Amino acid sequence: MKNALLLFIVIALLIAPASGAQDDDKPTVAFLKWGDSSNVALAEKAIMDMLQVYGFINEEERGLLNEERSIEGENINIIYGDALFDRIQANAIIDEAIDRDADVLVTFTTQMTQITYYAIRDFIDPPKLIFTVTSGPYITGVAESSCVKPDFVIGTVPVTNYEDIVPLLLLQDPDMKVVGAIYSPAQRASEVGVARITEIGESLGLTVEAETITVTPDLYQAVENLANRGAEAIIIPIFTFQGFSLLLSLSYDYGLPVLFSAPQNAYRGGTIGGGFFGLYKQGAIAGNMLVSYLNGDLDIADIAIYESDDFAFAVNLDAADLQDVEISQALLDGAAYIVENGETAQGIAAQYPEVEITLPDMSLEERRAADLDFLAGLRCSPEMIAEQQAALDAAD
């Protein structure tokens, strides 16, 4: 009897490590968000679509992820973390991902990408970092250029061309002379953005008055100051803040139209939203990077950061009515979509405010061939790296 018990214990000990090794083979991915927005939702949906179509998650697991819940799935573990626009919480969810040995950290927005990168950059063997909806990886030090970057970093960059955005103010009112800008000095992307807005505005004959905010209540004084200095509209560079509703409420009180540097924000209540349009596509490309890495088809060190500058603008007539502003016919004629009575004629939804929000219909074999071919086009050659490094050195 004792011999049989001993044999059972020995067999159990032999089996346990094998089972643990099998669990180790299942990848763990952390989704790390700075906070919720329609921009993030578009990219997040695309990544989930890619994971599902490639069989990493099933329909039931997708349902849990849609509810922002972490999963221990059949083929993948996903840790879901939302910083809720709080730096302390951001560090907490990064620490959790690291403690749970995440193989890949997927970050959304410049703010979350920057915090995550600086948390792991000194690791001997850091987890891979794949970012999306991140407009400022170069100005925040996450990478120097598309090919001059840490070996563990890759992602997608929606390029914000303020050269296209600022002129929308004059398209609305050709006689406009003074515009107010609000930004956060704590977010480098917004600081750079307002400097660029000022430069472009001056070239167009506009005086740009800028106000900084640190916390949401600062908006009360900021908007009042801009109104007192003669601002005829407010422009917001790319940055993430929680005071969206308060800013809009103040804009109604002062009768100031608000131009946001993202079309999606027109659906959230901004008078005009102009900027990068294609965040679902950005998420799909980040999802391609993630899936290809998990399948062993991608060496992140060799692939360039993907950049695109698709531009469009949208208009919200409901906001304009509340601000007692009449939108020009020129803006209406050029808008990708117009929000009126909370809806658009194009059927674009508030949660995912873009036209293309599904993956192309094709077989898995066709999809994989197309996805790998796309990534092959992003490969960084030694000549590309040398050329980009020389340009960086010349700029310094």
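That block above? That's the structure.
So, here's what we can say about the structure. Every chain begins its residue count from 1, and numbering advances along the sequence as written. Local features are withheld for residues below a pLDDT of 70 in this predicted model, meaning they are given only at 70 or higher, and side-chain atom pairs are given and counted only at 80 or more; totals for whole chains, interfaces and linings count all residues. Values shown for side chains rest on all heavy atoms present in the structure; no hydrogens or waters enter the calculation.

**Description of the sheet that holds strand β1 (residues 28–33)**
Logical step 1: Two strands qualify as a pair provided DSSP detects at least 2 bridges between them. Counting from the N terminus, the helices are DSSP H or I runs at least four residues long and the strands are E runs at least two residues long. Pairing is mixed in the open sheet, where 7 strands are placed in the order β2-β3-β1-β4-β5-β6-β12. Of all strands in the sheet, those with a lone pairing partner are β2 (71–72) and β12 (306–308), marking the two edges.
Logical step 2: The pairing of β1 with strand β4 (residues 104–108) spans 5 bridges and is classified as parallel. Looking at β4, one finds that Lys33 is bridged to Phe108.
Logical step 3: Note on definitions: a residue-residue contact is assigned when non-hydrogen atoms from the two residues lie within 4.5 Å. For helices, the axis comes from a line fit to the C-alpha atoms of the stretch in contact; other axes are also lines fit to C-alpha atoms, and the angle between any two N-to-C directions lies between 0 and 180 degrees. Most of the contacts of helix α4 (residues 87–99) go to strand β3 (residues 77–82), to which it runs at about 170 degrees, and overall it touches β1, β3 and β4.
Logical step 4: Across the sheet, helix α12 (residues 279–294) lies against β1, β4, β5 (128–132), β6 (153–158) and β12, angled at about 170 degrees from β6, the strand it touches most.

**Here we look at the side chain of Gln282**
Logical step 1: With respect to the helices and strands, Gln282 occurs in helix α12.
Logical step 2: For the exposure calls, accessible area comes from a 1.4 Å probe over protein chains only, and a residue counts as buried if that area is under 20% of its type's maximum, exposed if over 50%, partly exposed in between. With a relative accessible area of 1%, Gln282 lands in the buried category.
Logical step 3: If sequence neighbours within four positions are ignored, Gln282 has contacts with Thr132, Val133, Thr156, Val157, Pro158, Phe276, Tyr306 and Ser308.

**Quick notes on the environment of Gln111**
Logical step 1: Counting through the fold element by element, Gln111 comes out in helix α5 (residues 110–120).
Logical step 2: Taking the relative accessible area as the measure of exposure, Gln111 reaches 8% and is therefore buried.
Logical step 3: For the pair Gln111 and Ala90, spaced 21 residues apart in the sequence, the C-alpha separation amounts to 9.6 Å.
Logical step 4: With near-sequence residues (within four places) excluded, Gln111 lies in contact with Trp34, Arg87 and Gln187.

**Regarding α5**
Logical step 1: Within α5, 8 of the 11 residues are buried, leaving the element largely enclosed by the surrounding structure.
Logical step 2: For α5, the complete set of buried residues consists of Thr110, Gln111, Met112, Thr113, Ile115, Thr116, Tyr117 and Ile120.

None of this, on its own, says anything about what the molecule does.
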